[in-house]
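Here is what each chain is made of, one letter per residue.
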Amino acid sequence: SARGGGSGGAAAASAAAGEGSFQVNCGPNRNAKQIVQEVTRALTVHGVSFRQTSNYSLRCQERGVRLRADVVQAERGSSFVVRMTRVAGDVWHYRDLCARLVADMCL
């Protein structure tokens, strides 16, 4: 669930250790298309190269770290989640990148 309004850092995030997965819960008033637009905006602001591979999935790369960002529904009929998964590269750089992106997203 989202906390407080305003810009940046408005979403609750959690990292799953080991697998390299980072998850951001989105507010109930956003549809999947709006969330994808916000993710692409944050990627652009941070200079991360990306390619949209489907309506709700992006492949991203920055300095040797590759990740996949997917917008998925948490449960049927509920709000959406942005799930970022490390594909390749340094885990610490990946975590730093995810933290910077999440801090800039207004979800």
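Here, the structure is the one placed above.
Residues numbered from 1 in each chain as written. Predicted model: local features only at pLDDT ≥ 70, side-chain atom pairs only at ≥ 80, totals over all residues. Heavy atoms only, no water.

Participant: I'd love a proper account of the packing of aromatic side chains, names of residues and values included.
Facilitator: Under the criterion given, the structure shown has zero aromatic pairs. Lying across the ring of Trp92, Arg95 places its NZ or CZ 4.9 Å from the centre. (Phe/Tyr/Trp six-rings, centres within 6.5 Å; stacked < 30°, edge-to-face > 60°. Lys NZ or Arg CZ within 6 Å of the ring centre and 35° of its normal.)

Participant: I'd like a rundown of the environment of Val39, residues and numbers included.
Facilitator: Within the secondary structure, Val39 sits in helix α1 (residues 32-45). Among the residues examined, Val39 registers a relative accessible area of 2% and is labelled buried. Those residues in contact with Val39 that lie beyond four places of it in its chain are Leu58, Ala69, Val82 and Met105. (Helix = DSSP H or I, 4+ residues; strand = E, 2+ residues; numbered from the N terminus. Buried < 20%, exposed > 50% of the residue type's maximum accessible area, 1.4 Å probe, protein only. Contact = heavy atoms within 4.5 Å.)

Participant: Break down unusual backbone geometry for me, with residues and values.
Facilitator: Of note in this structure, Arg63 is not a glycine but carries a positive phi near 40 degrees. Checked against the element boundaries, Arg63 lands in the loop between β4 (57-62) and β5 (65-73). With a relative accessible area of 66%, Arg63 lands in the exposed category.

Participant: Could you give me a rundown of the nonpolar core, with the residues and numbers involved?
Facilitator: The tendency in soluble globular proteins is for nonpolar side chains to be buried side by side. Residues Ile35, Val39, Val82 and Met84 are the most contacted members of the largest nonpolar core, which totals 26 residues. Contributions of two or more residues to this core are made by β2 (21-25), α1, β4, β5, β6 (80-88) and α2 (91-104). In terms of residues, this core owes the most to one element, α1, which gives six residues. (Core = buried A, V, L, I, M, F, W, Y, C linked by side-chain atoms within 4.5 Å.)

Participant: An account of the environment of Ser49 is requested, with residue identities and associated values reported.
Facilitator: Relative to the helices and strands, Ser49 resides in strand β3 (residues 49-54). Take Ser49: its relative accessible area is 45%, and that puts it in the partly exposed class. As for Ser49 and Gln61, which are separated by twelve residues in sequence, their C-alpha atoms are 5.4 Å apart. Discounting residues that sit within four places of it in the chain, Ser49 has contacts with Arg59, Cys60 and Gln61.

Participant: Please provide a residue-by-residue account of the pattern of salt bridges, values included.
Facilitator: Should the charged atoms of two oppositely charged side chains come close, the side chains can pair. Counted under the stated rule, the structure contains five salt bridges. One salt bridge connects Arg41 with Glu38, and the closest N-O pair in it is separated by 2.7 Å. A residue pair is termed a helical-turn pair when its members lie 3 or 4 positions apart in one helix, as Arg41 and Glu38 do in helix α1 at three residues. For Arg41, a relative accessible area of 33% gives the class partly exposed. Here Asp96 makes a salt bridge to Arg100, at a shortest N to O gap of 3.1 Å. Here Asp96 and its partner Arg100 are both found in helix α2, four residues apart, which amounts to about one turn of the helix. Exposure remark for Asp96: the relative accessible area of 39% places this residue in the partly exposed category. Residue Arg100 is classed as partly exposed on the basis of its relative accessible area of 25%. A network of salt bridges, in which partner residues are shared, links Glu38, Arg41 and Asp104. (Salt bridge = Lys/Arg side-chain N within 4 Å of Asp/Glu carboxyl O.)

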